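Okay, here's what each chain looks like letter by letter:
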Amino acid sequence: MAKWKTPADCRYTKTDEWARMEGAEAVIGITDYAQDALSDIVYIEPPTVGARLKAGERFSTVESTKAAADLNMPLSGEIIAFNSALSDAPEKINADPFGEGWIIRVKPSDLTELEALMDAEAYAKYCEERG
Amino acid sequence: MTTQTAQAKALEPLIYELSSSGRKAETLMPKLDVPESAPLPAHLLRDSLELPEVSELDVVRHFVRLSQLNYAIDKGFYPLGSCTMKYNPKIGEDTARLPGFANLHPLQAPETAQGALALMYTLQQWLCEISGMKGCSLQPAAGAQGELAGILMIRAYHQERGDTRRTKILVPDSAHGTNPATSAMAGYTVVTLPSDARGGVDLDALRAAADETVAGMMITVPSTLGVFDENIQEIIKIVHNRGGLMYMDGANMNALLGVVKPGELGFDVMHFNLHKTFSTPHGGGGPGSGPVTVNEKLLPYLPGPIVAIVEEATDSEGAPRYGFVMPEKSIGRLKAFHGNFGMLVRAYTYIALHGAEGLKAISHHAVLNANYVRVRLADAYKVPYNRMCGHEVVIEGRFPDAPDIRALDISKRLMDYGFHPPTNYFPLIVHEALLIEPTESESKETLDRFIEAMHAIAREAREAPELLRSAPHTTPVSRVDEVYAARNLTLCCRLPSAE
């Protein structure tokens, strides 16, 4: 079994965010690899709901006991929701990065951008390469 | 109360907890010999000052006991990478306490402080010589302030030329965290450059990023991976060809003294950390000292005032007259008065003590020690950039066959062996990084004891991982719950009442 989970219904960035389409909306979070590398997450900066950002732009920062890391938009679009439960319990990102640890919901402005992201197989390989 | 708080209280209570109403030391204040002024108006007076009431003996014992709980370079090996925790020779404390230096007032007339100014002038000259630069300012109070000074000078340089398109600073991903922070603080956009497989700057990425919007590049030499980038001259050429300037973060100068002059490589500006390379103490948080040196291009922009000869000596026996001058287009002051002067005295002492050959020997020994540690640890730990390193070496604090062990556990366990842990989780581009900087101060015997401890810990990681997970066991306070501490912040300082 692979060391890190990489669900097949997600697409992945080189900076270790995932995006999953749910209807017309994209749910976005950080990957199992990212939470493992960061270790215990202690804080997440609440992003600006309503902000329109381009793919690759920073939408938040997470802090762990080891480091702080910027979170970048996998897709261009408008942030329509933030998982505010994370403000009191950022550890949900460690426990369930693809489920309860989701971070934002986005209304994407250009769905073709999904194609540029890695699929689960490519991302799993990318994680293995980095060790 | 957590276990850790209980342990700490058992070791030594807070000074407030030692307080007993009415207890005091004899006052040694002289009799009032000036007219008494009118008392303060009643609304400005307080009944209680919330100060501990303790005897002199209480105070002495409290602070001696606290100091004995400290770990310090004077007590043991302190291989904290990128911090250059070298031994601080005690002669520096003697010279900084000479009454002529210690009793100076920063506002007294320069004519009455010529010795101090001569020291500052000479130190400026020495730092220029060591870095191969043309001018120096001793103003910056620490390394990060030196960086800010450097980037503000670069900005002033471009602005004076009407070159306002330059909005970016390039920073390799192996940089000190202060480099991107400095660039952002000076108003620039930070462009991060990836490292190549050997730990150097990825030249293709640099070529792609270096355009006419780049104001400059900040680079640490040797990098925080401990390696000297063999392409450094090519890197400088690429940035210069596009009109950008080159900033060298000199925090790692301990690898380069008398070996490499950044000015001769082509750097335009750099800072020194006197509190690292030149052994002024910084274990207790400073004060630091981060002088900047520059080449001709940036000479007019130096932060000031700097010390200059304002009148040459009239004959061969006489001394010149020194004074403070503001460089022509200075970016201005960075702090009140003249830098952290006591640190300048210690650094001057250190350089004078060693001389040119001695400084070169310092870097040779620092690099030799780091490579000795690298080679001897390589059979027990993964060394991701396992080639000749500078003054520090980065290893991975994890084992494929002991998956629950992380770098932090290794560091905590090292404390049981009597060593200060290395830098953890930096640089960020190495998994479970442990950055080890032995410095030139340590003997082979000390390095061998450290290496043996690291080997023992690697064995324990497989045979008795719980020993690491629950370490340290022999320190005054055991493992602190860092996650709990970071998630549950409690403000506990005593604020004066609003009355």
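Thresholds, definitions, all that
- Residues numbered from 1 in each chain as written.
- Chains lettered and ligands numbered in written order.
- Predicted model: local features only at pLDDT ≥ 70, side-chain atom pairs only at ≥ 80, totals over all residues.
- Helix = DSSP H or I, 4+ residues; strand = E, 2+ residues; numbered from the N terminus.
- Rg over C-alpha atoms; globule rule 2.2 N^0.38 Å.
- Buried ≥ 20, exposed ≤ 12 C-beta atoms within 10 Å, placed from the backbone.
- Contact = placed C-beta atoms within 7 Å.
- Nonpolar A, V, L, I, M, F, W, Y, C, P; charged D, E, K, R; others polar.
- Pairing = 2+ DSSP bridges.
- Expected span 1.5 Å × (residues − 1).
- Axes fitted to C-alpha atoms, helices over the stretch in contact; angles between N-to-C directions.
- Parallel < 35°, antiparallel > 145°, perpendicular 65-115°, else oblique.
- Left-handed = near helix turned anticlockwise from the far one by under 90°.
- Arc of directions from axis to C-beta.
- Core = buried A, V, L, I, M, F, W, Y, C linked by C-beta atoms within 7 Å.

Draft legend 1. Spatial organisation of the overall build of chain B. Counting secondary structure elements, chain B contains 16 helices and twelve strands. For 499 residues, the compact-globule estimate of 2.2 N^0.38 gives 23 Å, and chain B sits close to it at 26 Å. Counting only C-alpha atoms, chain B reaches 75 × 70 × 50 Å along its principal axes. Relative to its 499 residues, chain B shows a buried fraction of 42%. Contacts in chain B between residues far apart in sequence, at least 24 positions, make up 73% of those at least 6 positions apart.

Draft legend 2. Region of the structure containing the overall build of chain A. When helices and strands are counted, chain A shows five helices and nine strands. When its helices and strands are written in sequence order, chain A yields β-β-β-α-β-β-β-β-β-α-α-β-α-α. Computed over C-alpha atoms, the radius of gyration of chain A comes to 14 Å, within 12% of the 14 Å expected from 2.2 N^0.38 for 131 residues, which places it in the range of a compact globule. Buried residues in chain A amount to 38% of all 131 residues. The long-range share in chain A, meaning contacts at least 24 apart out of those at least 6 apart in sequence, stands at 62%.

Draft legend 3. How the structure looks around the interface of chain A and chain B. Every contact between the two is made by six residues of chain A and, on the other side, seven residues of chain B. Of the residues assigned to the side of chain A that touches chain B, the class counts are two nonpolar, two polar and two charged.

Draft legend 4. How the structure looks around the pairing of strand β3 (residues 189-193) of chain B. With five bridges joining them, strand β2 (residues 168-172) of chain B and β3(B) adopt parallel strand pairing. By the bridge assignment, B:Pro172 is partnered in β3(B) with B:Leu193.

Draft legend 5. Up close: helix α2 (residues 56-69) of chain B. Given a rise of 1.5 Å per residue, 14 residues ought to cover 20 Å, and the 20 Å separating the end C-alpha atoms of α2(B) matches this to within 8%. The buried fraction of α2(B) amounts to zero of the 14 residues, a small share that puts the element mostly on the outside.

Draft legend 6. Just the sheet that holds strand β1 (residues 135-137) of chain B, in detail. All names here are of chain B. Reading across the sheet, the seven strands line up as β1-β7-β6-β5-β4-β2-β3 and stay open at both edges, with mixed pairing between neighbours. With one partner strand each, in any of the chains shown, β1 and β3 form the two edges of the open sheet. With direction set aside, neighbouring strand axes in the sheet form an average angle of 20 degrees. The strands that helix α5 (residues 114-131) touches are β1, β6 (269-272) and β7 (292-294); relative to β1, the one it contacts most, it runs at about 125 degrees.

Draft legend 7. Examining the environment of B:Arg449 more closely. All names here are of chain B. Locating Arg449 in the fold gives a position in helix α14 (residues 444-463). Judged by C-beta crowding, with 16 C-beta atoms within 10 Å, Arg449 ranks as partly exposed. Through-space distance from the C-alpha of Arg449 to that of Met343 is 32 Å; in sequence the pair is 106 residues apart.

Draft legend 8. Representation of the pairing of strand β5 (residues 245-250) of chain B within the structure. Residue and element names in this part refer to chain B. Taking burial as the measure, the six residues of β5 include six buried ones, the bulk of the element. Residues Leu245, Tyr247 and Asp249 line one face of β5 and the alternating positions Met246, Met248 and Gly250 line the opposite face, and both faces are buried. Looking at chain direction, strand β4 (residues 214-220) and β5 are connected through five bridges and run parallel. Across the sheet, residue Ile219 finds its bridge partner in β5, namely Met248. Pairing geometry for β5 and β6, over four bridges, is parallel. For Asp249, the partnering residue across the bridge sits in β6 and is His271.

Draft legend 9. Representation of the packing of helix α13 (residues 407-416) of chain B against α14(B) in the model. Residue and element names in this part refer to chain B. It is the contact of α13 with α14, at a shortest axis distance of 10 Å, that shows an interaxial angle of 125 degrees. The orientation of α13 relative to α14 falls into the category oblique. Every pair of crossing elements has a handedness; the one defined by α13 and α14 is right-handed. Side by side, α13 and α14 meet where Ile410, Arg413 and Leu414 of the first sit next to Ala453, Ile457 and Glu460 of the second. In terms of residue class, the contact of α13 with α14 is made up of four nonpolar, no polar and two charged.

Draft legend 10. Structural detail: α14(B). All names here are of chain B. Its 20 residues place the ends of α14 28 Å apart at the C-alpha level, agreeing with the 28 Å of an ideal helix rising 1.5 Å per residue. Within the span of α14, buried status applies to Phe450, Met454, Ile457, Glu460 and Ala461. The buried residues of α14 occupy one face: seen down the axis, they fall within an arc of 120 degrees. What points out from α14, more than 90 degrees from its buried face, is the exposed set Lys444, Glu445, Glu452, Arg459, Arg462 and Glu463. Turning to α14, the residues buried within the fold contact α12 (341-377), α13 and α15 (465-469).

Draft legend 11. Unusual backbone geometry, seen in detail. Residue and element names in this part refer to chain B. The step from Val221 to Pro222 runs through a cis peptide bond, and the omega angle for that step is -20 degrees. Within the secondary structure, Pro222 is located in the loop between β4 and α9 (232-241). Pro427 follows Phe426 through a cis peptide bond whose omega is 0 degrees. Along the chain, Pro427 turns up in the loop between β11 (423-424) and β12 (433-436). With a phi close to 70 degrees, Ser82 is a non-glycine residue in the positive phi region. When the 22 C-beta atoms within 10 Å are taken as the criterion, Ser82 is described as buried. Its identity as a non-glycine residue notwithstanding, Thr439 has a phi of 65 degrees, on the positive side. Following the sequence through the fold, Thr439 ends up in the loop between β12 and α14.

Draft legend 12. Spotlight on the nonpolar core. Residues and elements named next belong to chain B. Core analysis: the largest hydrophobic core is formed by 112 residues, its most contacted members being Met120, Met153, Tyr247, Val269, Leu344, Ala347 and Val394. Per-element accounting of this core gives the leading share, 15 residues, to α12. If sequence neighbours within four positions are ignored, Val269 has contacts with Gly150, Met153, Ile154, Tyr247, Val292, Val294 and Leu298.

Draft legend 13. A look at the environment of B:Ile405. All names here are of chain B. Looking at the secondary structure, you find Ile405 in the loop between β10 (393-396) and α13. Along the backbone, Ile405 and Arg462 are 57 residues apart, and their C-alpha atoms lie at a distance of 9.0 Å. Setting aside anything within four residues of it in sequence, one finds Ile405 in contact with Arg398, Phe399, Ile410, Ala461, Pro465 and Leu468.

Draft legend 14. Inspection of the environment of A:Tyr126 at higher detail. Residue and element names in this part refer to chain A. Looking at the secondary structure, you find Tyr126 in helix α5 (residues 120-130). Given 16 C-beta atoms within 10 Å, Tyr126 falls into the partly exposed group. Between the C-alpha atoms of Tyr126 and Ser39, which are 87 residues apart in sequence, the distance is 19 Å.

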